[in-house]
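The residues making up each chain are set out below.
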Amino acid sequence: MTAATVTAPLAPARRLGVGAGVRHTLTLAWRSLVQIKHNPMELLDLSIQPVMFVLLFTYVFGTAISGSPGEYLTFALPGIIVQNALFATMTTGFGLNNDLTKGVFDRLRALPIARWAPLAGRILADTVKQAWSVSLLIGVGAILGFRLGNGVLGLLGAFALLLAFSLAAAWISVLVGVLVSEPDKVQIFGFTVIFPLTFTSNVFVPTDRMPGWLQHWVEVNPVTILADALRGLLVGGPVVGPAIQAMIWAVALAAVFAPLAVRALRRRV
């Protein structure tokens, strides 16, 4: 005679409120930021490379393109900030893939926390890193002679627009980070896509200096649009038109890639 084994039904998972989810997100974001203490190279990647771009392009190409390094810095710095922000979005996919492949993401989701907190915490932490990188570039630019044309309000507006666009573009990185098998492949994707996208924009060279056949693409390139909006906010010039177009691009990117990324993440975990 065998004894029947009775398995008690599992208690339904406790539903967590939005406030609890926000606290979990902030905690996990802090976890990602604290890791910099043990892996300072992560922050150096967001610091050394953009500063090198500013120095090299300003003093190597500045005179040839704009007549003087100072004039070129005024033109190029907003664009370099945009390029750096787009490259920085790849760290979201890189970190997410690293957590997925090492099982960290699964362990986090096994805890009694909001299901969306691990991903939201990662994105929030990377947004803070973005703000640090932009602040560093503005500071280095100021040392080299860059001056704000619209004061503090223009600077805050540039920060807000850039971070909003970066947050939307980060969903592309999240999707790639979920789909690829290794973190290094996220970086390969970034160099394959972002380098051509930024170098075929007016980040480094004014549109009218480019071949006629290329100018048509440069004018509709979202990198060009965002760079023009930042130039208007930081230096002076048209702001409303480029800023609206940049936000339209941001909404479109988020609307397309956020659902795809979430769906892919649910399938993987």
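Residues numbered from 1 in each chain as written. Predicted model: local features only at pLDDT ≥ 70, side-chain atom pairs only at ≥ 80, totals over all residues. Heavy atoms only, no water.

(A) Looking closely at the overall build of the chain. Counting its regular elements, the chain contains 11 helices and zero strands. C-alpha extents for the chain along the principal axes are approximately 95 × 40 × 30 Å. Here the chain holds 269 residues, and the buried ones make up 45% of them. Here the contacts in the chain between residues at least 6 apart in sequence split such that 80% fall between residues at least 24 apart. Looking at the chain, you have 19 positive and 11 negative side-chain charges, and the mean spots of the two groups are 15 Å apart. (Helix = DSSP H or I, 4+ residues; strand = E, 2+ residues; numbered from the N terminus. Buried < 20%, exposed > 50% of the residue type's maximum accessible area, 1.4 Å probe, protein only. Contact = heavy atoms within 4.5 Å. Lys, Arg positive; Asp, Glu negative; His and termini not counted. Charge placed at Lys NZ, Arg CZ, Asp CG, Glu CD.)

(B) Just the pattern of salt bridges, in detail. The tally for this structure, following the rule as stated, stands at four salt bridges. One salt bridge connects Lys-129 with Asp-126, and the closest N-O pair in it is separated by 3.5 Å. Of this pair, Lys-129 and Asp-126 both sit in helix 6 (residues 117-144), three residues apart, which is roughly one turn of the helix. A single burial state applies to Lys-129 and to Asp-126, both of which are buried. Residues joined by salt bridges that share partners form a network here, namely Arg-31, Asp-99 and Arg-122. (Salt bridge = Lys/Arg side-chain N within 4 Å of Asp/Glu carboxyl O.)

(C) Structural context of a nonpolar patch on the surface. Together, Met-41, Leu-44, Ile-48, Met-52, Leu-56, Val-60 and Phe-61 line one region of the surface with nonpolar side chains, adding up to about 650 Å² of accessible area. Breaking the nonpolar patch down by element, the ones donating at least two residues are helix 2 (41-45) and helix 3 (48-66). For Val-60, the location among the structural elements is in helix 3. (Patch = residues over 30% accessible without salt bridge, like charges linked within 9 Å, V, L, I, M, F, W, Y side chains within 5 Å. Areas by Shrake-Rupley, 256 points an atom, 1.4 Å probe, with all protein chains shown as cover.)

(D) Molecular detail of the UniProt feature "transmembrane region" (unreviewed entry) in the chain. UniProt's feature table lists "transmembrane region" (unreviewed entry) at residues 46-66, 72-96, 131-148, 155-180, 186-205 and 246-265, given in the numbering used throughout. In residues 46-66, the share of helix is 90% and the share of strand is 0%. The end C-alpha atoms are 27 Å apart. Taken end to end, residues 186-205 has its terminal C-alpha atoms 28 Å apart, with 70% of it in helix and 0% in strand. (UniProt positions renumbered as here; feature names shortened; annotations may be inferred.)

(E) Just the nonpolar core, in detail. In this structure, Ile-81, Val-82, Leu-161, Leu-162, Leu-226 and Leu-230 are the most contacted members of the largest nonpolar core, which totals 47 residues. Going through the elements one at a time, helix 3, helix 4 (69-101), helix 6, helix 7 (151-179), helix 8 (183-199), helix 10 (222-234) and helix 11 (240-268) are the ones with two or more residues in this core. Broken down by element, the residue count for this core peaks at 12 residues, all from helix 4. With residues near it in sequence (within four places) discarded, Leu-161 still touches Leu-226, Ala-229, Leu-230, Leu-233, Ala-243, Ala-246 and Met-247. (Core = buried A, V, L, I, M, F, W, Y, C linked by side-chain atoms within 4.5 Å.)

(F) Inspection of helix 11 at higher detail. The terminal C-alpha atoms of helix 11, which comprises 29 residues, lie 41 Å apart, in line with the 42 Å expected from a rise of 1.5 Å per residue. The largest bend in helix 11 is about 30 degrees, located at Phe-257, with the proline Pro-259 one to four residues further on. Within helix 11, the full set of buried residues consists of Pro-242, Ala-243, Ala-246, Ala-250, Leu-253, Ala-258, Ala-261, Ala-264 and Leu-265. Contacts made by the buried residues of helix 11 are with helix 4, helix 5 (104-110), helix 6, helix 7 and helix 10. (Expected span 1.5 Å × (residues − 1). Bend = angle between axes of the 7 residues up to and from the residue.)

(G) Highlighting the packing of helix 3 against helix 4. Two elements in contact, helix 3 and helix 4, have axes separated by 9 Å at closest approach and are oriented at 145 degrees. The two elements helix 3 and helix 4 meet at a crossing, and its hand is right-handed. Counting all contacts with helix 3, which are made through Gln-49, Pro-50, Phe-53, Val-54, Phe-57, Thr-58, Tyr-59, Gly-62, Thr-63, Ile-65 and Ser-66, the residues of helix 4 involved are Pro-69, Glu-71, Tyr-72, Leu-73, Leu-77, Ile-80, Gln-83, Asn-84 and Phe-87. (Axes fitted to C-alpha atoms, helices over the stretch in contact; angles between N-to-C directions. Left-handed = near helix turned anticlockwise from the far one by under 90°.)

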